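Here is how the chains run, residue by residue.
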Amino acid sequence: MADSIIERLRAGGKKLTKARRAILEALERSSVPITAGELHARLRKVRVPIDLVTVYRNLGMLQKLGLVTAVGLHDGQMRYEVRHGREHHHHIQCRGCGKIVDLMLCPIKKLTAVVEAKTKFAVESHTLEFFGWCPQCR
Ligand SMILES: [Zn+2]
Ligand SMILES: [Zn+2]
Ligand SMILES: [Zn+2]
């Protein structure tokens, strides 16, 4: 586990408990965002005794500390992925089979300046997800 993660937790007054370590490791291993339910199932598979409520609570806390990002896709379920150490990016999801692919690009940076100029808001974040049909489903 990276020192910077432990530092970020400590700065937020949190410790790297066994459960939190397991959550972060399971998310690290996943190349695409997963739901809290999927995360819970993976933790059970590696015999981490943790209930779903605790998974949700820790995901919320890790999100607040900026270690995890929540991604909302078209099925209405929140999915989570590691943010720390990964570049900001967007996703595309297949409407047929649900497959998710990372898009390692952000077309929003220029638009942010326009939004800030127009609204006088200081933009902190944005969401943008793409939906369509994957090569197997189209
Ligand atoms: Zn598909
Ligand atoms: Zn991603
Ligand atoms: Zn972006």
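All residue numbers here refer to positions counted from 1 along the written sequence of the relevant chain. As they are written, the chains are lettered A onward and the ligands numbered 1 onward, keeping that order. Totals for whole chains, interfaces and linings use all residues, but because this is a predicted model, local features are given only for residues with pLDDT of at least 70 and pairs of side-chain atoms are given and counted only at 80 or more. The side-chain quantities take in all heavy atoms of the structure and omit both hydrogens and water.

1. A short note on the nonpolar core
Soluble globular proteins tend to pack their nonpolar side chains together in the buried interior. Definition of nonpolar core: a set of buried residues of the types Ala, Val, Leu, Ile, Met, Phe, Trp, Tyr and Cys, connected through side-chain atoms within 4.5 Å. Classification of residues uses two cut-offs on accessible area relative to the type maximum, computed with a 1.4 Å probe and protein chains only: under 20% is buried, over 50% is exposed, and between them is partly exposed. Among the nonpolar cores identified, the biggest contains 23 residues, and Ile23, Leu27, Leu39, Leu43, Leu59 and Leu62 are the most heavily contacted of them. Secondary structure elements follow DSSP: runs of H or I no shorter than four residues count as helices, runs of E no shorter than two count as strands, and numbering proceeds from the N terminus. Breaking this core down by element, the ones donating at least two residues are helix H1 (3-11), helix H2 (18-29), helix H3 (36-45), helix H4 (52-64) and strand E3 (78-82). When residues of this core are assigned to their parent elements, the largest contribution, 6 residues, is made by H2. When near neighbours in sequence (up to four residues on either side) are disregarded, Leu27 contacts Ile34, Leu39, Leu59, Val68, Tyr80, Val82 and Arg86. Two residues form a contact once any of their heavy atoms are found within 4.5 Å.

2. Brief notes about the sheet that holds strand E4 (residues 90-94)
Pairing is mixed in the open sheet, where 3 strands are placed in the order E5-E4-E6. For this open sheet the edge positions go to strand E5 (100-103) and strand E6 (129-132), each flanked by a neighbour on one side alone. Averaged over all pairs of adjacent strands, the angle between their axes in this sheet comes to 25°, without regard to strand direction. At least two bridges found by DSSP between two strands are what make those strands a pair. Every axis corresponds to a line fitted to the C-alpha atoms, with the helix fit spanning only the stretch in contact, and the corresponding angles, defined between N-to-C directions, vary from 0 to 180 degrees.

3. Let's talk about the domain arrangement of the chain
Splitting the chain by domain gives domain 1 (1-86) and domain 2 (87-138). All the domain ranges listed were derived from an automatic or database domain assignment. Computed over C-alpha atoms, the centres of domain 1 and domain 2 are 21 Å apart. Of the residues lining the interface, 12 residues belong to domain 1; the matching set on domain 2 comes to 11 residues. Taken over both partners, the interface formed by domain 1 and domain 2 buries close to 930 Å², and the fraction arising from carbon and sulfur atoms is 59%. Accessible area that two parts lose when put together, with a 1.4 Å probe and added across both, is what the buried area reports.

4. So, the packing of H3 against H4
Two numbers describe how H3 lies on H4: the axes approach to 10 Å, and their chain directions differ by 115°. Our pair here, H3 against H4, has a crossing hand that is right-handed. In contact with Ala36, Gly37, Leu39, His40 and Leu43 of H3, H4 contributes Leu52, Val55, Tyr56 and Leu59. Throughout, the ten residues Ala, Val, Leu, Ile, Met, Phe, Trp, Tyr, Cys and Pro are labelled nonpolar, Asp, Glu, Lys and Arg are labelled charged, and all others, Gly among them, are labelled polar. Of the residues assigned to the contact of H3 with H4, the class counts are 7 nonpolar, 2 polar and no charged. Handedness of a crossing follows from how the near helix is turned relative to the far one, being left-handed for an anticlockwise turn of less than a right angle and right-handed for a clockwise one.

5. A look at the coordination of the zinc ion (ligand 2)
Counted as coordinating are nitrogen, oxygen and sulfur atoms within 2.8 Å of the metal, or 3.2 Å for Na, K and Ca, while water is not included, which may make sites look incomplete. On the protein side, the zinc ion (ligand 2) has Glu81 (OE), Glu81 (OE), His89 (NE2), His91 (NE2) and Asp102 (OD) as donor atoms, found 2.0 to 2.7 Å from it. Each donor residue of the zinc ion (ligand 2) belongs to the same chain, with the gaps between them written as E-x7-H-x1-H-x10-D. Taken as a pair, Glu81 in strand E3 and Asp102 in strand E5 lie far apart in primary sequence, 21 residues in all. Assessed through its relative accessible area of 23%, Asp102 is described here as partly exposed.

6. Some points on the side chain of Thr112
Among the secondary structure elements, Thr112 is positioned in helix H5 (residues 109-119). On the accessibility criterion, Thr112 (19% relative accessible area) is buried.

7. Some remarks on the coordination of the zinc ion (ligand 3)
Protein-derived ligands of the zinc ion (ligand 3) are His88 (NE2), His90 (NE2), Cys106 (SG) and His126 (NE2), with the metal-ligand distances lying across 1.9 to 2.2 Å. Considering all 4 donor atoms around the zinc ion (ligand 3), the spread of angles at the metal, 100 to 115°, places the coordination shape in the tetrahedral class. Key to geometry: four donors with every angle between 85 and 135 degrees are tetrahedral; four donors are square planar and six octahedral where opposite donors lie over 155 degrees apart and all remaining angles lie between 65 and 115; all other sites are irregular.

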